[in-house]
Amino acid sequence: MILLKDLKQGFGNRELFRGKNIKIESGINYLIGTNGTGKTTLLKLMVGILKPQKGEIKYDDKSIEEALDTIGIVFDEPCFFPYLTGLENLLYFNQNARIKVDENFIKSLYHTWNIGAEDIRYGQYSLGMKKKLSIVLSLMRNPSYWLLDEPFNGLDMETQHMLKLKMTEMKKLGKTVILSSHNMNDHIDIADHILALCHKELKYYPNVSRNLGVLGENISVEKIINELEDKNGSGRV
């Protein structure tokens, strides 16, 4: 369980979002919000890249620093060394990690996700190859918490299917996935819970899979929230 306690974030005098005590449950949590509402910022807060203006984040009563080795993160714009090959990048990050994993396991993950030939430098990678490498890096320590920022961008259909299967596998193991993806029409069906950023408010809707099956096509953030608020008797946005 991830606790977001009295979280507030903004930049300068601009408030981005705030939320009361939110307990994020295991399973697949879909993070939704229109552009600029703070989805990537929230994920950066959850791994300690940014500090909240107010509040704190706990992973099963542990601080972010204490839980960091159990968190895997995929950002939309991953940062690797362009002059190293993809595999060299993975081995470098493993060498400098607090907890190291077996190099043969890293190579196995690299080839399982079909990234490409081992001698290709990262600077020559396509968008899809970069995203696959970021996914592998996030999985190297078998995380209990998997945070995914637009992970489907650039991926071919086969790898998108692999990614959804991996999320489902982690859910069955009792782990926690947080997924942010703008293409809700294709991926909202896998959500167990919704974490929503709307009108500068962070809200959580647990156990929503039954309610999301009636949304139809052209899904929007407000359409999802209105459906969930109606089910809860809380009005519409």
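Reading guide: rules and limits
- Residues numbered from 1 in each chain as written.
- Predicted model: local features only at pLDDT ≥ 70, side-chain atom pairs only at ≥ 80, totals over all residues.
- Heavy atoms only, no water.
- Helix = DSSP H or I, 4+ residues; strand = E, 2+ residues; numbered from the N terminus.
- Rg over C-alpha atoms; globule rule 2.2 N^0.38 Å.
- Buried < 20%, exposed > 50% of the residue type's maximum accessible area, 1.4 Å probe, protein only.
- Contact = heavy atoms within 4.5 Å.
- Areas by Shrake-Rupley, 256 points an atom, 1.4 Å probe, with all protein chains shown as cover.
- Lys, Arg positive; Asp, Glu negative; His and termini not counted.
- Charge placed at Lys NZ, Arg CZ, Asp CG, Glu CD.
- Pairing = 2+ DSSP bridges.
- Axes fitted to C-alpha atoms, helices over the stretch in contact; angles between N-to-C directions.
- Left-handed = near helix turned anticlockwise from the far one by under 90°.
- Nonpolar A, V, L, I, M, F, W, Y, C, P; charged D, E, K, R; others polar.
- Core = buried A, V, L, I, M, F, W, Y, C linked by side-chain atoms within 4.5 Å.
- Right-handed = clockwise from strand over helix to strand, strands pointing away.
- Phe/Tyr/Trp six-rings, centres within 6.5 Å; stacked < 30°, edge-to-face > 60°.

Before going further, it helps to examine the overall build of the protein. Per the secondary structure count, the protein includes eight helices and 10 strands. Against the 2.2 N^0.38 benchmark of 18 Å for 237 residues, the protein shows a C-alpha radius of gyration of 18 Å, consistent with a compact globule. Buried positions account for 47% of the 237 residues belonging to the protein. Counting contacts in the protein only where the partners sit at least 6 residues apart, residues at least 24 apart contribute 65% of the total. Accessible surface, the protein: about 12100 Å² in total, of which carbon and sulfur atoms supply 47%. In the protein, the 31 positive side-chain charges and the 30 negative ones have mean positions that sit 4 Å from each other.

Among the six residues of strand β4 (residues 27-32), six are classified as buried, and the element is accordingly described as predominantly covered. The sheet contact formed by β4 and strand β8 (residues 176-180) spans five bridges and is parallel. Within the sheet, the bridge partner assigned to Ile28 lies in β8 and is Val177. Across four bridges, the pairing between β4 and strand β9 (residues 193-198) is parallel. Across the sheet, the residue bridging to Ile32 is Ala196, located in β9.

Taken N-terminus to C-terminus, the directions of helix α4 (residues 103-112) and helix α5 (residues 127-139) make an angle of 145°; their axes are 10 Å apart at the nearest point. Crossing hand, α4 versus α5: right-handed. Seen from α4, the contacting residues are Phe105, Leu109 and Tyr110; seen from α5, they are Leu133, Val136 and Leu139. Residue classes in the contact of α4 with α5 are distributed as six nonpolar, no polar and no charged.

The next subject is the nonpolar core. In terms of nonpolar packing, the biggest core is built from 43 residues, with Ile32, Trp146, Met167 and Ile194 touching the most fellow members. With 26 residues, the next largest nonpolar core counts Leu4, Leu31, Val47 and Ala67 among its residues.

Bringing the pairing of β8 into the picture now. Across the five residues that make up β8, a large majority, five, are buried. Of the two faces of β8, the one lined by Thr176, Ile178 and Ser180 and the one lined by Val177 and Leu179 are each fully buried. Note that strand β7 (residues 145-149) and β8 share five bridges and pair parallel. Residue Leu148 lies in a different strand from β8, and its bridge partner there is Leu179. Running through helix α6 (residues 157-172), the crossover from β7 to the neighbouring parallel element β8 is right-handed.

Let's shift gears to the packing of aromatic side chains. Scanning the entire structure with this criterion turns up eight aromatic pairs. Where Phe80 meets Tyr122, the ring centres are 5.1 Å apart and the plane angle is 55°; that geometry is what we call tilted. In this pair, Phe80 sits in the loop between β6 (71-74) and α3 (86-95) while Tyr122 sits in the loop between α4 and α5, placing the two residues 42 residues apart along the sequence. Of the two residues examined, Phe80 and Tyr122, each falls in the buried class. On the numbers, 5.5 Å between centres and 75° between planes, the contact of Tyr92 with Phe93 is edge-to-face. Taking relative accessible area as the criterion, Phe93 reaches 28% and is therefore assigned partly exposed.

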